[in-house]
Amino acid sequence: MSDSKKTESDLTEAALFYHRNPKPGKLEIQATKPLGNQRDLALAYSPGVAAPCLEIADDPAKAADYTSRANLVAVISNGTAVLGLGNIGPLASKPVMEGKAVLFKKFAGIDVFDIEVAQTDVDKFVDAVSVLEPTFGGINLEDIKAPECFMIEDALRERMNIPVFHDDQHGTAIIVGAAVRNGLELAGKKIGDAKIVASGAGAAALACLNMLVSLGAKRENIWVTDIEGVVYQGREALMDQWKAVFAQETDKRSLDEVIGGADVFLGLSAGGVLKPHMVEKMGKGPLILALANPNPEIMPEEAKAVRDDVVMCTGRSDYPNQVNNVLCFPYIFRGALDVGATTINEEMKRAAVEAIAGLAREEPSDVAARAYGGKTETFGPNYLIPSPFDQRLILRIAPAVARAAMDTGVATRPIEDFAAYFDRLNRFVFRSGLIMKPIIQNASKDPKRIIYAEGEDERVLRAAQVLLEDNIAKPILVGRPDVLKARCEKFGLKIRPDVDFEFINPQDDPRYRDYVDEYFQCVGRKGMPVDSARTVVRTNTTVIAALAVRRGDADAVICGLEGRFIRHLRDIKQIIGVCETAHDLSAMSLLINSRGAMFLSDTFVTEDPSAEELSEMAVLAAREIRRFGIEPKIALLSLSNFGSRDTASSSKMREALKLIWDRYPELEADGEMHGDAALNVALRERVMPDSKLTGEANLLLFPNLDSANIAHNLLKVATQALHVGPILLGTAKPAHILTPSVTSRGVVNMSALSTVEAQTRAAE
């Protein structure tokens, strides 16, 4: 089997496992109100439910106040044009529609019902969808073939008083509009003068061309080609009323004949149709949007081989300027739903175009710079449009769309306080579950050598394959080569030792004597005889991994998947040591749940930290939190709430706070306080109106290890949180001790964080 076929097979198996486990599908419905007793039941259903029903009957607009309709979108398809799979039918399209629902929720907090309709007749499909209007705040049409998609959308927009949006058309068109807007600006050209040549005349291509016309392009400057060649006046084959709008009066019949002098090439057709010699014919500083997937109309390296002035966009994530619909559709709906828009009109789409284009031209913010390791892309040939994971997208697009809806009179619930609205969106950004994305993206820019003490563990092996595929880290595994090879084969992994990754064989490594000498220097005066040191370096994989980092054979160590935390901590402390700016080590845990990101310290190391140690923990933790692009807000927790109890523990927390305020006034911190006051602003303001802490705390400091570890484990299970960590703070070189409950995903996350930490250390 070839490597490409093996990779495809691996991905298929992984995707099937992902969709099947731990329960089938990607969605579930959860109640948002308590149902813990008879009164709750009476309020949720009979007889209490009658009250909101009567209110809505008197005033339909109140459905937004009493139901989820204002935040509920239907993703609807008949499965006639699914991704690159074609007409596979509505049932087979369901995984895609569930996937779209997940993106809506994850990126914009919008709830979705996916609806697959077994109907290809346009009128019957429209009848089936239009009667659903009382249920939804908006309709997202998906994967419906052309030209039926045009007719369906037009008919539904005519009949329904809520936004109807065919994302395959308009989502792509909006991002293309932003890319062309910025690409032409970069080249010093005006859109009204630009010659635009398109390959492909399906729904997405025609929507893109209509958007470009809306932005100022001239129809007479637009040339369209498809599988029949040039779209010209008088052509009969494969023509329709939407394509005919762009028919040119010409005797030219091929892409090769019309590409000369083109400023923009728009490809939404098939891989390889744009040849290098055609690129040579294009105008000065050409912009090529080769958006066929997975193989573009021309690969960027092919285009740049013949033209060094070419600027490229593709649909692929492994090249700059990825045109990905997730850049816009969640945020367009967010803005439309938040003002109760009755439609998504051209003005709202153009507002989204300008918001996306404008974001790419912005100076990088301090938060963005920290999130991406102090180094962010700036406007230019490799950054015409933002990354799909730029956390600022929702902050730019949703308000712009909402304002456009209000300005054009289609908003039924206008926003009165945009500052408050922006603040609400900003809070959502850090509750979206995408907190690891900046870390992973930055790690992939300069992967570092991460050594894994438990290299033979299945979770490490699976993580190693992901790390290599996504270029996050360069794994070095401590393990016996025959065991590593056998287990890779057993688990169906394509990676192999000494081919795809390095390893250290604890039974036979040429560096063994050097490692023993290095280890003895660390522990020889702590009661460790030379003979014992030799045995340890043969048998203790954490010691081996830590020595590799100490000697410079690796950049960071990850251990702890087997055995007790305290044992690994002893080895790391003896060999890696404590950095000059810290007195001791501590551990912080990151929990990502529906509330967002919550950091807890110290969850694993110091049993009873002093006030001095607590203040140091706060500083080290704050520095780490800023790696995620988050500004730390620190709450020092206690059984006392701003002096309500006088105990040794509460006094210690007060003293720690004073040290933080005196030594690190730039940190936003307050305490001592109850846990609910840390997370509930209204409650805290009632007790302490002039608190120096604003908003919800995101870093919780505990008075001792018992309280921190108990809170961590309870929160992790009770909120079904993703745990990242423990994140070991204060080490002389990057080192992290995980726990036996960690998953392979957790190993990947900590590997990315270790890489970014190693990048920062190397730059210092």
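Keep in mind that what you see is a predicted model, and the values were worked out from it rather than measured.

### A closer look at the UniProt feature "binding site: a divalent metal cation" (unreviewed entry) in the chain
Thought 1: Following the UniProt record, the feature "binding site: a divalent metal cation" (unreviewed entry) maps to Glu142, Asp143, Asp168 and Asn293 here.
Thought 2: With respect to the helices and strands, the residue Glu142 is situated in the loop between β3 (138-141) and α7 (148-159).
Thought 3: If we skip the residues at most four places from it in the chain, Glu142 touches Val75, Ile76, Ser77, Met97, Lys100, His166, Asp167 and Asp168.
Thought 4: A distance of 2.5 Å separates the side chain of Glu142 from the side chain of Lys100, its partner in a polar contact.
Thought 5: Among the secondary structure elements, Asp143 is positioned in the loop between β3 and α7.
Thought 6: Discounting residues that sit within four places of it in the chain, Asp143 has contacts with Ser77, Asn78, Gly79, Thr80, Ala81, Val82, Leu83, Val96, Met97, His166 and Asp168.

### Notes on the sheet that holds β3
Thought 1: Pairing in this open sheet of four strands is parallel, and the strands run β2-β1-β3-β4 from one edge to the other. Taken across any chain shown, the strands that pair with only one partner, and hence form the sheet edges, are β2 (111-116) and β4 (164-166). Ignoring strand direction, the axes of neighbouring strands in this sheet form an average angle of 20°.
Thought 2: Looking at chain direction, β3 and β4 are connected through three bridges and run parallel. Looking at β4, one finds that Ile139 is bridged to Val164.

### Observations concerning the packing of helix α15 (residues 346-361) against helix α17 (residues 393-407)
Thought 1: Running from N to C, α15 and α17 point in directions that differ by 150°, and their axes come no closer than 8 Å. Judged by the inter-axis angle, α15 sits roughly antiparallel to α17. Crossing of α15 against α17: the hand is right-handed. Judged by residue contacts, Glu347, Met348, Ala351, Ala352, Ala355, Ile356 and Leu359 of α15 engage Leu393, Arg396, Ile397, Ala400, Val401, Ala404 and Ala405 from α17.

### Brief notes about unusual backbone geometry
Thought 1: In this structure, Pro147 follows Ala146 across a cis peptide bond, with omega equal to 5°.
Thought 2: The topology assignment puts Pro147 in the loop between β3 and α7.
Thought 3: Cis rather than trans, the peptide bond between Gly671 and Glu672 has omega equal to -15°.
Thought 4: Within the secondary structure, Glu672 sits in strand β18 (residues 668-673).
Thought 5: The phi dihedral of Phe642 is positive, around 55°, even though this residue is not glycine.
Thought 6: Judged by its relative accessible area of 18%, Phe642 is buried.
Thought 7: Positive phi, normally seen in glycine, also occurs at Gln720, with a value near 50°.
Thought 8: Along the chain, Gln720 turns up in the loop between α30 (705-718) and β20 (722-729).

### Some thoughts on the pattern of salt bridges
Opposite charge on two side chains allows them to pair when their charged atoms are near.
Thought 1: One pass over the full model with this rule turns up 45 salt bridges.
Thought 2: Between Asp167 and Lys100 there is a salt bridge whose closest N-O contact spans 2.7 Å. Of the two residues, Asp167 sits in helix α8 (residues 167-187) while Lys100 sits in helix α5 (residues 94-108), which places them 67 residues apart along the sequence.
Thought 3: Residue classification places Asp167 among the buried residues on the basis of a relative accessible area of 1%.
Thought 4: The exposure class assigned to Lys100 is buried, which follows from its relative accessible area of 6%.
Thought 5: Across the salt bridge formed by Arg462 and Glu458, the nearest N and O atoms sit 2.9 Å from each other. Residue Arg462 and its partner Glu458 are located together in helix α20 (residues 458-469), separated by four residues, close to a single helical turn.
Thought 6: Given the relative accessible area of 33%, Glu458 is considered partly exposed.

### A look at the pairing of strand β8 (residues 264-267)
Thought 1: Covered by surrounding structure in β8 are Val264 and Leu266 together with Phe265 and Gly267, the residues of both alternating faces.
Thought 2: When strand β5 (residues 196-199) meets β8, the two strands line up parallel, connected through four bridges. Note on β8: the bridge partner recorded for Ser199 is Gly267.
Thought 3: Looking at chain direction, β8 and strand β9 (residues 287-290) are connected through four bridges and run parallel. Looking at β9, one finds that Leu266 is bridged to Leu289.
Thought 4: Between β8 and its parallel partner β9, the chain crosses via helix α12 (residues 276-281), and the hand of that crossover is right-handed.

### Structural notes on the pairing of strand β17 (residues 633-637)
Thought 1: Judged by how many residues are buried, β17 sits mostly within the fold: four of five residues are covered.
Thought 2: Relative to β18, β17 runs parallel, the two sharing five bridges. Paired with Leu637 across the bridge in β18 is Met673.
Thought 3: As defined by bridge partners, β17 adjoins strand β19 (residues 699-701) across three bridges and the pair is classed as parallel. Counted as the bridge partner of Ala635 is Leu700 from β19.

Calculation criteria
- Residues numbered from 1 in each chain as written.
- Predicted model: local features only at pLDDT ≥ 70, side-chain atom pairs only at ≥ 80, totals over all residues.
- Heavy atoms only, no water.
- UniProt positions renumbered as here; feature names shortened; annotations may be inferred.
- Helix = DSSP H or I, 4+ residues; strand = E, 2+ residues; numbered from the N terminus.
- Contact = heavy atoms within 4.5 Å.
- Polar contact = N/O pair within 3.5 Å; in protein donor to acceptor, adjacent residues only side chain to side chain.
- Pairing = 2+ DSSP bridges.
- Axes fitted to C-alpha atoms, helices over the stretch in contact; angles between N-to-C directions.
- Parallel < 35°, antiparallel > 145°, perpendicular 65-115°, else oblique.
- Left-handed = near helix turned anticlockwise from the far one by under 90°.
- Buried < 20%, exposed > 50% of the residue type's maximum accessible area, 1.4 Å probe, protein only.
- Salt bridge = Lys/Arg side-chain N within 4 Å of Asp/Glu carboxyl O.
- Right-handed = clockwise from strand over helix to strand, strands pointing away.

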